[in-house]
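Given next are the chains, with one letter for each unit.
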Amino acid sequence: MGKHTPLFDTHVAAGAKMVDFAGWDMPIHYGSQLEEHHIVRRDAGMFDVSHMRAVDVRGCDAQAWLRRLIANDVAKLTLPGKALYSCLLKEDGGVIDDLIVYFFSPTYYRIVVNAGTADKDLAWMRKQSAGFNVAIDDHPEFAMIAVQGPKAREKFWAAFPEAKTASEGLIVFQAAAWLSGQDSWLIARTGYTGEDGFEITLPAAAAAAAWDKLRAAGVAPIGLGARDTLRLEAGMNLYGQDMDETISPLEAGLTWTLDFKDASRDFIGRKALEAQKPTRHFVGLLLLDRGVLRAHQKVVTAQGDGETTSGSFAPTLGQSVALARVPVGIAIGDEVSVEIRDKLLKARIVKPNFARHGKGLI
Amino acid sequence: MNVPANLKYTQSHEWAKLEADGTVTVGITDHAQEALGDIVFLELPAVGRTVKAGEECAVVESVKAASDIYSPIAGEVVAANTAAVDAPEAVNQDAYANWLFKLKPANAADLDGLLDATAYEKIADEH
């Protein structure tokens, strides 16, 4: 038996099909993954993401330490609650994890990391904190609920009208605290679907009641299956699949998250990345023939072979798509072949951004 | 679980039905479609292909994963359900009406070696 989030009983009672995910018993779907996918693109759905880990960083060196620890630069966060996405790198440039860091003040930040990597990340953070005046406290006791979709905010406010004042002014990638009775919740305008919405961090004891309230307001429960197809359509990387400790962010489509502007900022992995000459780049694939792309299929190109890293049927497009690493000479618009069960199927190289905000982008 | 009594079954979750004309219709069970989730792609054997019992001869892909389909008995493929290829979700809606392929059996008596509904139900319960 895996670990349970505070919403485990709620999922089981709703008829969810539970599966193991990074050591956690999580809902893969509540009936139909495809329907759940469409609900998030068209209306509003919610995900239990309590398995992810919140880590608070406090202390007078918090900013200086984070500027060393992660590859994106927290110095550009000045608006309270503003967040950014970043890689956590090893010295050799390999990706330990990807994360979101929220800025509350130069002495207080919150990081949210993946479930499967949380313990490894914490060990790494603590090791890297030697010589810095920072306190690192993780909060496995928090619950997190992601409410996503074009109607997500509206339905969240219908369920929690008192939270509207605190959250209606939030811009994308910004969070604010909201006092729910005695409890302090964090409402963040972030997500992993390519749709608008909030990610709510709240005490475990309040999670089931909040879930039920959202459900009563017309927010549908969505499983991890649709979470994966939604993030894939939005061209968002999945740690452990599209990148890991052996892969450079330069070959995982994450160059935009690396901030080299301040030449004096010596973030971990910087030197290694500056010396790298990538031979592959990260692209999207649209399957032109009938079939379904999956991870780890061979991509045959005029410049040599590549590999898919994530692939699925894309419900919004009604076609199969994948993320892939291919030789750098292969450009957007090129036609390539993907080997599926000993057959070569035709695919086109596209930007890895297939569908967002309810619409296909291909 | 929907397990019609008039069909024969395999351990790998196919069903087989002997038709009046002597051919055998093959599909996947309701339990299999449920376990696979939303089906989005079918790859069926070419008409005229000869298959052995237990031979991989079709693929059913759901949003989640690809799953091989094995021929319940030996024979020659005489039809593939192209309507199901065009609308794979029909297999989720009714896995018994939406068959995958038809065989001319090498030996119709081979069907007797397959599971009956009661035996299959037991296996499906355990998975």
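Here the structure is shown first, and the text comes after it.
Calculation notes
Residue positions are counted from 1 within each chain, in the order its sequence is given. Lettering for chains starts from A, numbering for ligands starts from 1, and both go in the order in which the items are written. The predicted nature of this model means local features are confined to residues of pLDDT at least 70 and side-chain atom pairs, given and counted, to a pLDDT of 80 or more, with totals for whole chains, interfaces and linings taken over all residues. We count a stretch as a helix when DSSP gives it H or I for four or more residues in a row; a strand needs E for two or more, and each element gets its number in order from the N terminus. In this treatment the radius of gyration is a C-alpha quantity, and the globule benchmark scales as 2.2 Å times the residue count to the 0.38 power. With C-beta atoms placed from the backbone, a residue is labelled by how many other C-beta atoms lie within 10 Å of its own: buried for 20 or more, exposed for 12 or fewer, partly exposed between the two. Here the contact rule is simple: place C-beta atoms from the backbone, and any two residues whose C-beta atoms are within 7 Å are in contact. Being paired, for any two strands, means DSSP has found at least two bridges between them. Axes here mean lines fitted to C-alpha atoms, for a helix over just the part in contact, with angles spanning 0 to 180 degrees between N-to-C directions. When buried Ala, Val, Leu, Ile, Met, Phe, Trp, Tyr and Cys residues are joined through C-beta atoms within 7 Å, the set is termed a nonpolar core. Source of the domain bounds: an automatic or database domain assignment. Gly falls in the polar group here, along with every residue not listed as nonpolar (Ala, Val, Leu, Ile, Met, Phe, Trp, Tyr, Cys, Pro) or charged (Asp, Glu, Lys, Arg).

(A) The overall build of chain A, seen in detail. For chain A, the helix and strand inventory stands at 9 helices and 21 strands. In terms of overall size, chain A behaves like a compact globule, its C-alpha atoms giving a radius of gyration of 20 Å where 362 residues would be expected to give roughly 21 Å. A principal-axis box enclosing the C-alpha atoms of chain A has dimensions of 60 × 50 × 40 Å. Across the 362 residues in chain A, those meeting the buried criterion constitute 49%. Residue pairs at least 24 apart in sequence account for 67% of intrachain contacts in chain A once pairs closer than 6 positions are excluded.

(B) Seen up close, the overall build of chain B. Counting its secondary structure elements, chain B contains 4 helices and 9 strands. When the elements of chain B are put in sequence order from the N terminus, they spell out β-β-β-α-β-β-β-β-β-α-α-β-α. For chain B, whose C-alpha radius of gyration is 13 Å, the value lies close to the compact-globule estimate of 14 Å for 127 residues. If you line up chain B on its principal axes, its C-alpha atoms span 35 × 30 × 25 Å.

(C) Focus on the sheet that holds strand 3 (residues 45-48) of chain A. All names here are of chain A. If you trace the 6 strands from one edge of the open sheet to the other, you get 10-11-12-9-3-13, paired in mixed fashion. The sheet is open, and its two borders are formed by strand 10 (175-180) and strand 13 (220-221), each paired with just one other strand. Both strand 10 and strand 11 (residues 183-188) contribute to a ladder of 6 bridges, which runs antiparallel. Across the sheet, leucine 179 pairs through a bridge with serine 184, a residue of strand 11. Across the sheet, helix 2 (residues 33-42) lies against strand 3, strand 9 (142-148) and strand 13, angled at about 115° from strand 3, the strand it touches most. Along the sheet, helix 5 (residues 152-159) makes contact with strand 9 and strand 12 (197-203), crossing strand 12 at roughly 35°.

(D) Seen up close, the nonpolar core. Grouped together as the largest cluster of nonpolar side chains are 137 residues, with contacts concentrated most on Leu66, Val101, Tyr109, Ile145, Val147 and Leu285 of chain A together with Leu100 of chain B. Looking at this core element by element, the count peaks at 7 residues for strand 6 (residues 95-105) of chain A. Residue contributions to this core reach at least three from each of two domains, namely domain 1 (8-50 + 140-232) and domain 2 (280-362) of chain A. The contact partners of isoleucine 145 of chain A, leaving out residues within four places of it in the chain, are Met46, Asp48, Ile200, Ala207, Ala210 and Trp211 of chain A.

(E) Seen up close, helix 7 (residues 204-216) of chain A. Taken residue by residue, helix 7 of chain A has Ala207, Ala210, Trp211 and Leu214 of chain A as its buried positions. After helix 7 of chain A finishes, the residue glycine 218 of chain A shows a positive phi value of roughly 95°.

(F) A look at the interface of chain B and chain A. Every contact between the two is made by 9 residues of chain B and, on the other side, 13 residues of chain A. Elements with a minimum of two residues in the side of chain B that touches chain A: strand 4 (39-43) and strand 6 (56-62) of chain B. Per-class residue counts for the side of chain B that touches chain A are 5 nonpolar, 1 polar and 3 charged.

(G) Region of interest: unusual backbone geometry. Residue and element names in this part refer to chain A. For histidine 296, which is not glycine, the phi dihedral falls at a positive 70°. Considering the arrangement of structural elements, one finds histidine 296 in the loop between strand 14 (280-287) and strand 15 (298-301). For aspartate 342, which is not glycine, the phi dihedral falls at a positive 65°. Position of aspartate 342 among the secondary structure elements: in the loop between strand 18 (335-340) and strand 19 (343-350).

(H) Main features of the sheet that holds strand 8 (residues 75-80) of chain B. Residues and elements named next belong to chain B. In space, the 6 strands of this open sheet follow the order 1-2-3-9-8-5, with antiparallel pairing throughout. Of all strands in the sheet, those with a lone pairing partner are strand 1 (8-9) and strand 5 (50-51), marking the two edges. As judged from the 5 bridges shared by strand 2 (residues 14-18) and strand 3 (residues 24-28), these two strands associate in the antiparallel manner. Bridge pairing in strand 3 places tryptophan 15 opposite glycine 27.

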